[in-house]
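Each chain is listed here by its residues.
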Amino acid sequence: MTAQYTLKVVTDFAAAHSLREYPGDCRRLHGHNWKVEVEVAAPSLDRLGMVVDFKTIKQAAREVTEELDHRYLNEVPPFDELNPTAENMAAYIYRQVGERLNDERVKVCAITLWETERACVRYTEEG
């Protein structure tokens, strides 16, 4: 068997959006307290016996979510053009956190974005 370590950190932010061309209430301005789960994986540990420090994952996640926090997402690139659906936001966060964390050993493997306590999307680029 091949070893695989998966770490998860959770952060949150508050932001408003409106879904362009949506045929229901969500086309109007409304907000959420978003919860973001960042999963990072690696097949091996570093010399300290870690995949990566949890603080490092939290910092990368906060850097990305701070750009979205207390904002009207429809005015924040890329969502000024891309519809700010939970799906599009999860993919964006995945790529942005990956730019900060991914290296030859460590890789962001999934982002789960909770829009409410009962509704979320999990985004991954696993094959």
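Residues numbered from 1 in each chain as written. Predicted model: local features only at pLDDT ≥ 70, side-chain atom pairs only at ≥ 80, totals over all residues. Heavy atoms only, no water.

S.K.: I keep staring at the overall build of the chain and nothing clicks. Help me out?
M.R.: From N to C terminus, the chain includes 2 helices and 4 strands. Reading the chain from its N end, one meets helices and strands in the order β-β-α-α-β-β. By its C-alpha atoms, the chain is 50 × 25 × 25 Å across when sized along the principal axes. Within the chain, the proportion of its 127 residues that are buried is 43%. Partitioning the intrachain contacts of the chain with sequence separation of at least 6 by distance along the chain shows that 66% fall at a separation of at least 24. (Helix = DSSP H or I, 4+ residues; strand = E, 2+ residues; numbered from the N terminus. Buried < 20%, exposed > 50% of the residue type's maximum accessible area, 1.4 Å probe, protein only. Contact = heavy atoms within 4.5 Å.)

S.K.: For this particular structure, what's the right way to read the packing of helix α1 (residues 54-66) against helix α2 (residues 86-101)?
M.R.: Following both chains from N to C, one finds α1 and α2 inclined at 130°, their axes separated by 9 Å at the closest point. With respect to α2, the element α1 is oriented oblique. Relative to α2, the crossing made by α1 is right-handed. Seen from α1, the contacting residues are Thr-56, Ile-57, Ala-60, Ala-61, Glu-63 and Val-64; seen from α2, they are Tyr-92, Ile-93, Gln-96, Val-97, Arg-100 and Leu-101. Among the residues forming the contact of α1 with α2, the class breakdown is 8 nonpolar, 2 polar and 2 charged. (Axes fitted to C-alpha atoms, helices over the stretch in contact; angles between N-to-C directions. Parallel < 35°, antiparallel > 145°, perpendicular 65-115°, else oblique. Left-handed = near helix turned anticlockwise from the far one by under 90°. Nonpolar A, V, L, I, M, F, W, Y, C, P; charged D, E, K, R; others polar.)

S.K.: Which parts of the structure should I look at to understand the nonpolar core?
M.R.: One broad trend across soluble globular proteins is that nonpolar side chains are buried collectively. Of all hydrophobic cores here, the largest spans 34 residues; its most connected members are Phe-13, Val-38, Ile-93 and Leu-113. Where this core is concerned, the elements lending two or more residues are β1 (5-17), β2 (30-42), α1, α2, β3 (107-116) and β4 (119-123). Sort the elements by how many residues they give to this core and α2 lands first, with 9 residues. When neighbours within four sequence positions are excluded, Phe-13 is seen to be in contact with His-32, Asn-33, Trp-34, Val-36, Thr-65, Leu-68, Asp-69, Met-89, Ile-93 and Leu-113. (Core = buried A, V, L, I, M, F, W, Y, C linked by side-chain atoms within 4.5 Å.)

S.K.: I'm lost on the packing of aromatic side chains in this one. Help?
M.R.: Aromatic ring pairs are reported here in terms of the distance separating the ring centres and the angle at which the planes meet. Counted according to the given criterion, the structure contains 3 aromatic pairs. Note on Phe-13 and Trp-34: the rings are 6.0 Å apart at their centroids and 10° apart in plane angle, and the pair reads as stacked. You can see Phe-13 sitting in strand β1 and its partner Trp-34 sitting in strand β2, a full 21 residues away along the chain. Taking the centre distance of 5.3 Å and the plane angle of 75° together, the rings of Phe-79 and Tyr-92 count as edge-to-face. Taken together, the residues span a long stretch of sequence, with Phe-79 in the loop between α1 and α2 and Tyr-92 in helix α2 at a distance of 13 residues. The exposure class of Tyr-92 is buried, given its relative accessible area of 13%. Residue placement shows Lys-35 over the ring face of Trp-114; its charged tip is 5.1 Å from the ring centre. (Phe/Tyr/Trp six-rings, centres within 6.5 Å; stacked < 30°, edge-to-face > 60°. Lys NZ or Arg CZ within 6 Å of the ring centre and 35° of its normal.)

S.K.: Hey, could you run me through the sheet that holds β1 in this one?
M.R.: Note on sheets: strands pair through backbone hydrogen bonds, and any given pair is parallel or antiparallel. The sheet built from 4 strands is open, its strands ordered β1-β2-β3-β4 with antiparallel pairing. Of all the strands in the sheet, the pair left with one neighbour each is β1 and β4. Strand-to-strand twist in this sheet, taken as the mean axis angle between neighbours without regard to direction, amounts to 20°. Examined bridge by bridge, β1 and β2 share 13 bridges and lie antiparallel to one another. (Pairing = 2+ DSSP bridges.)

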